[in-house]
Amino acid sequence: MPIPEEVSGKKRLVVKKLFARQQHEGFGAVVRRSIGRFELRYFDPFLVLDEFSVTAPAGFPDHPHRGFETVTYMLEGEILHEDCEGHKGVIRKGGLQWMTAGKGIVHSEMPSSNATGTTHNKGLQLWINLSSKHKLIMPSYQEIESKDIAEAEKDGVRVRIIAGEWNGVKSKICTRTPTMYLDFTLSPDSKISQPIPLHWNAFVYVLQGHGHFGDAKSQHSTAAAHHLLLLGSGGDRLEAWNDSDSGLPLRFILVGGEPIGEPVAQFGPFVMNTQEEIDKTIDDFENFTNGFEKARHWKSQAASDLELF
Ligand code: FJE
Ligand code: FE
């Protein structure tokens with residue numbers, strides 16, 4: 001789907017800055033949750049953004065999802081993914097798994113067997129909501145290894161194009177909810193002026209270094225690693241730059257999405273529009289119906305090895 005290009009001549013300014021503290025999730029895993037925590041329940045269409053770190057035997061063993069997509073982007077180490085439909089694979093450093101849970105999936109996300117107890121397996125997991133007409137579609141995966149992720153470089157700026165496009169270079173990911181997801185690395189003294197569709201919600205999450213974000217001519221905010229910056233509305237582009245003080249690269253993701261504008265009813269990993277639909281989902285999960293059939297006699301290899309459940 002082409003990304004809209006309406007202009008306003010204004011810049012996107014930072015309206016909220018949040019530091020993502022560590023919290024425990026899953027089985028001994030640690031996440032820095034920015035979107036999806038109490039102070040920021042939902043940023044339409046984004047439900048959760050976790051910067052995760054797992055060291056074997058910790059991880060995210062067998063659990064379900066329905067009604068949204070999970071996007072896992074590995075920064076260090078490896079995650080082994082197994083689901084109840086027999087789909088299995090490893091997401092390696094720099095690689096991407098775009099999973100449309102749709103009507104239902106039960107899966108396990110654990111450090112791979114290559115990852116010993118000293119490897120910190122790190123990455124980002126973003127949960128993107130689906131509109132009511134897509135919530136119950138068949139589950140599907142889009143997986144891209146690091147070497148196949150589109151990249152571009154210009155004037156000290158390196159971009160990995162996870163979703164959407166940059167300077168005419170396109171990602172091959174197909175998004176059900178229109179989304180842009182760019183991983184920028186700016187060398188010292190470099191800058192970007194990045195178009196963002198006028199009516200989309202957008203945020204920045206800093207991974208490394210120290211950056212300036214906003215309008216170079218008026219107002220801007222600064223941020224270092226583990227900070228989420230929510231961008232305000234009304235602007236058609238974001239300016240960001242890496243001043244030379246530190247001499248270090250600045251790495252951040254810029255993510256934008258078209259708001260869905262529908263009610264959200266959430267119970268953990270189930271995200272629907274109404275409480276009735278959530279009750280129905282819990283019923284389907286408990287009775288192995290309407291998409292959860294294969295979960296009845298399934299347990300992941302990882303959970304069996306660890307003698308979990
Ligand atoms: C989940 C708790 C969880 N963030 N980041 C409750 F931890 C999870 C879950 C994850 C997760 C998995 C990876 Cl690989 C990375 C994550 C949460 O699996 F789904 C619920 N409901
Ligand atoms: Fe999951």
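Please read all numbers here as calculations on a predicted model, not as lab measurements. Numbers given for residues are sequential positions, taken from 1 along each chain in its written order. Written order determines the labels here, with chains lettered from A and ligands numbered from 1. pLDDT decides what is reported in this predicted model: residues at 70 or higher carry local features, side-chain atom pairs at 80 or more are listed and counted, and totals for whole chains, interfaces and linings draw on all residues regardless. Side-chain metrics rest on all non-hydrogen atoms present in the structure, leaving aside hydrogens and water.

Things to note about the coordination of the iron ion (ligand 2)
For a metal with four tetrahedral donors the ideal donor-metal-donor angle is 109.5 degrees, while six octahedral donors give ideal angles of 90 or 180 degrees.
Okay, step 1: Metal donors were taken as nitrogen, oxygen and sulfur atoms no farther than 2.8 Å from the ion, or 3.2 Å where the ion is Na, K or Ca. Water is excluded, so coordination may look unfinished. Taken together, H63 (NE2), H65 (NE2), H107 (NE2) and E109 (OE) make up the protein donors of the iron ion (ligand 2), found 2.1 to 2.3 Å from the metal.
Okay, step 2: Metal sites are grouped by the angles between bound donors: all angles between 85 and 135 degrees with four donors is tetrahedral, opposite donors over 155 degrees apart with the others between 65 and 115 is square planar for four donors and octahedral for six, and any other pattern is irregular. For the iron ion (ligand 2), the four donor atoms are set out with angles of 84 to 179° between them, so the coordination reads as irregular.
Okay, step 3: Coordination of the iron ion (ligand 2) draws on donor residues from a single chain, spaced H-x1-H-x41-H-x1-E in sequence. Pair noted here: H63 is in strand 5 (residues 60–65) and H107 is in strand 10 (residues 105–111), with a separation of 44 residues, a long-range link. As far as burial versus exposure is concerned, H63 and H107 are alike and both buried. Put simply, DSSP H or I for four residues or longer makes a helix, DSSP E for two residues or longer makes a strand, and each gets a number counted from the N terminus. Residue burial is assigned from relative accessible area. The probe radius is 1.4 Å, only protein chains are included, and a residue is buried under 20% of its type maximum, exposed over 50%, and partly exposed in between.

Quick look at the UniProt feature "domain: Pirin C-terminal" (unreviewed entry) in the protein
Okay, step 1: UniProt positions are given in the numbering used here, feature names are shortened, and annotations may be inferred rather than shown by experiment. UniProt's feature table lists "domain: Pirin C-terminal" (unreviewed entry) at residues 181–290, given in the numbering used throughout.
Okay, step 2: Split by type, residues 181–290 is 12% helix and 48% strand. Its first and last C-alpha atoms lie 32 Å apart.

Considerations on the site of ligand 1
Okay, step 1: The near set for a molecule or strand comprises every residue that places at least one heavy atom within 4 Å of it. Around ligand 1 sit E25, G26, R33, D50, F52, F60, H63, H65, E109, Q125, W127 and P269, and that is every residue in its neighbourhood.
Okay, step 2: We call two N or O atoms a polar contact when they sit within 3.5 Å, provided that within protein one can donate a hydrogen and the other can accept it, with sequence-adjacent residues counted only if both atoms are side-chain atoms. One nitrogen or oxygen atom from the side chain of D50 is found 2.6 Å from a nitrogen atom belonging to ligand 1.
Okay, step 3: Coverage of ligand 1 by the protein chains reaches 89% of its 460 Å² of free accessible surface.
Okay, step 4: At the level of elements, strand 4 (46–54), strand 5 and strand 11 (121–129) are the ones that each hand at least two residues to the shell around ligand 1.
Okay, step 5: For the shell around ligand 1, the leading source of residues is strand 5, giving three residues.
Okay, step 6: Classification convention: Asp, Glu, Lys, Arg as charged; Ala, Val, Leu, Ile, Met, Phe, Trp, Tyr, Cys, Pro as nonpolar; all other residues, Gly among them, as polar. Per-class residue counts for the shell around ligand 1 are four nonpolar, four polar and four charged. The accessible surface values rely on the Shrake-Rupley method and a 1.4 Å probe; as for residues, cover is taken only from the protein chains in view.

Focus on helix 1 (residues 275–287)
Okay, step 1: Helix length check: helix 1 (13 residues) gives 18 Å between terminal C-alpha atoms against 18 Å at 1.5 Å per residue, within 8%.
Okay, step 2: If you check which residues of helix 1 are buried, you get I278, T281 and D284. Taken end-on, helix 1 shows its buried residues confined to a sector of 120°, consistent with a single buried face. Seen from the buried face of helix 1, the exposed residues on the opposite side, beyond 90 degrees, are E276 and E286.
Okay, step 3: Positive phi appears at F288, one or two residues downstream of helix 1, with a value of about 55°. By definition here, a helix of n residues has an expected span of 1.5 Å times n minus one. As used here, the arc belongs to the directions running from the helix axis to the C-beta atoms.

Quick word on the UniProt feature "binding site: Fe cation" (unreviewed entry) in the protein
Okay, step 1: Taking the UniProt record as the reference, the feature "binding site: Fe cation" (unreviewed entry) is found at H63, H65, H107 and E109. The greatest C-alpha distance among the annotated residues, which extend across 47 residues, is 12.4 Å, indicating that they converge on a single site.
Okay, step 2: Throughout, a contact is declared for two residues whenever any of their heavy atoms are within 4.5 Å. Not counting residues within four places of it along the chain, the set of residues in contact with H63 comprises I105, V106, H107 and E109.
Okay, step 3: Taking relative accessible area as the criterion, H107 reaches 0% and is therefore assigned buried.
Okay, step 4: Excluding anything up to four places from it in sequence, H107 contacts P61, D62, H63, H65, H81, E82, D83, M99 and W298.
Okay, step 5: A distance of 3.0 Å separates a polar atom in the side chain of H107 from a polar atom in the side chain of H65.

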